[in-house]
Amino acid sequence: MTSRVSAAIDTAHAAGRGAFVGYLPAGYPDVATSIEAIVALAESGADVIELGPPYSDPVMDGLVIQEATQTALANGFRMRDLFTIIREVTARTDVPVLVMTYWNLVEQYGVERYADDLLAAGGAGLITPDITPDAASAWIAVSERTGLDRVFLAAPTSTDERLDMIVRASTGFVYTVSTMGITGERAQLDAAARGLVERLRAHGAAHACVGIGISNAEQVAGVIEYADGAIVGTALVKALRDGGVDALRSLARELSEGTARRA
């Protein structure tokens, strides 16, 4: 089956730019506003949407995203709302929606049921930050059946053996982990991300998108010099928190402008 996420990245490349992947927590600050925010992100230049369902123990998320997901839970978010949000969003935009989820949420819901409900809602696949391909046989099998994308994470510390496994198991793109943007370490961290993308290419990765720590158009442009796409999360959540949907839309447009390929 054709990967909708890969197709979106290829469309961006054909237009002379890298892909802009934007993350928002599902249901933040409430379900109705969340739907409007996601649609605004899609309409303002995002090529792929990452949607994060709130989780009570978000150990891999930064403080801003933790606070947002706790707000969503406090405002009554339930797992069934995730599929409602995706259904409403995909009825209004063709931008593919990936769910970035902790695996426990999928397992508790039921892997087969989760995949079927995600597919029925119009979702494009999953990003699974806390499960590796060698432990994801059930998900790999059901994603093959449904055609949903499966995006696994690679880090600068990953061995060549593990990168090979990640590349073979991933569809859509490989989520290339960086900590770019930390004060005083920018040059070293940029080098680590660039080197990891080069290693992924050597292992056959068709698409590698870099995430974590990217917050402005300048940083997006830097990533696009060597990667297929840039992933932005915390900065978008801050914009939504501090200025609502209008502020989110403004930032998304700025970030999208940073994806233009330099001659």
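Sequence order sets the numbering: in each chain, residues are counted from 1 along the sequence as written. With pLDDT at 70 or above as the cut-off, local features in this predicted model cover only qualifying residues; side-chain atom pairs require 80 or more to be listed or tallied, and sums for whole chains, interfaces and linings still use all residues. Water and hydrogen atoms were dropped before computing side-chain values, which therefore reflect all heavy atoms in the structure.

**Student:** Describe the overall build of the protein chain, naming the residues involved and giving the relevant values.
**Tutor:** Strands are runs of DSSP state E lasting at least 2 residues, helices are runs of H or I lasting at least 4, and numbering of each runs from the N terminus. Within the protein chain one finds 11 helices and nine strands. Within these notes, the globule rule equals 2.2 Å times the number of residues to the 0.38 power, and the radius of gyration is based on C-alpha atoms. Taking 18 Å as the expected radius of gyration for a compact globule of 263 residues, we find that the protein chain reaches 17 Å, a close match to that expectation. Principal-axis analysis of the C-alpha atoms places the extent of the protein chain at approximately 45 × 40 × 35 Å. Going through the 263 residues of the protein chain one by one, you find that 55% of them count as buried. In this description, contact between two residues means that some pair of their heavy atoms is separated by no more than 4.5 Å. Residue pairs at least 24 apart in sequence account for 70% of intrachain contacts in the protein chain once pairs closer than 6 positions are excluded. The method behind every accessible area is Shrake-Rupley, applied with a 1.4 Å probe, and residues are considered shielded solely by the protein chains displayed. Carbon and sulfur atoms provide 49% of the accessible area of the protein chain, an area that totals close to 11000 Å². His residues and chain termini do not enter the charge count, which takes Lys and Arg as positive and Asp and Glu as negative. Charge placement uses NZ in Lys and CZ in Arg. For Asp and Glu, CG and CD serve respectively. Averaged over its 21 positive side-chain charges, the protein chain has a centre that lies 2 Å from the centre of its 33 negative ones. Working definition: with a 1.4 Å probe on protein chains only, accessible area under 20% of the residue-type maximum means buried, over 50% means exposed, and in between means partly exposed.

**Student:** Report on the packing of helix 4 (residues 79-90) against helix 6 (residues 111-121), specifying residues and quantitative values.
**Tutor:** Axes here mean lines fitted to C-alpha atoms, for a helix over just the part in contact, with angles spanning 0 to 180 degrees between N-to-C directions. Remark: helix 4 packs on helix 6, axes separated minimally by 8 Å, with the N-to-C direction vectors making an angle of 25 degrees. Judged by the angle between their axes, helix 4 and helix 6 are roughly parallel. In this structure, helix 4 uses Met79, Leu82, Phe83, Ile86, Arg87 and Thr90 to contact helix 6, whose residues at the interface are Tyr114, Asp117, Leu118 and Ala121. Residues were grouped as follows: Ala, Val, Leu, Ile, Met, Phe, Trp, Tyr, Cys and Pro as nonpolar; Asp, Glu, Lys and Arg as charged; and all remaining residues, including Gly, as polar. A per-class count over the contact of helix 4 with helix 6 returns seven nonpolar, one polar and two charged. By definition in this entry, angles of less than 35 degrees are roughly parallel, angles greater than 145 are roughly antiparallel, angles of 65 to 115 are roughly perpendicular, and the rest are oblique.

**Student:** Lay out unusual backbone geometry with the relevant residues and their values.
**Tutor:** With an omega of -5 degrees, the peptide bond between Tyr28 and Pro29 qualifies as cis. Along the chain, Pro29 falls in the loop between strand 1 (19-25) and helix 2 (31-43). Residues other than glycine seldom take positive phi values, yet Ile212 does so here, at roughly 85 degrees. Among the structural elements, Ile212 can be located in the loop between strand 8 (208-211) and helix 10 (217-224). Residue Ile212 is classed as partly exposed on the basis of its relative accessible area, which comes to 39%.

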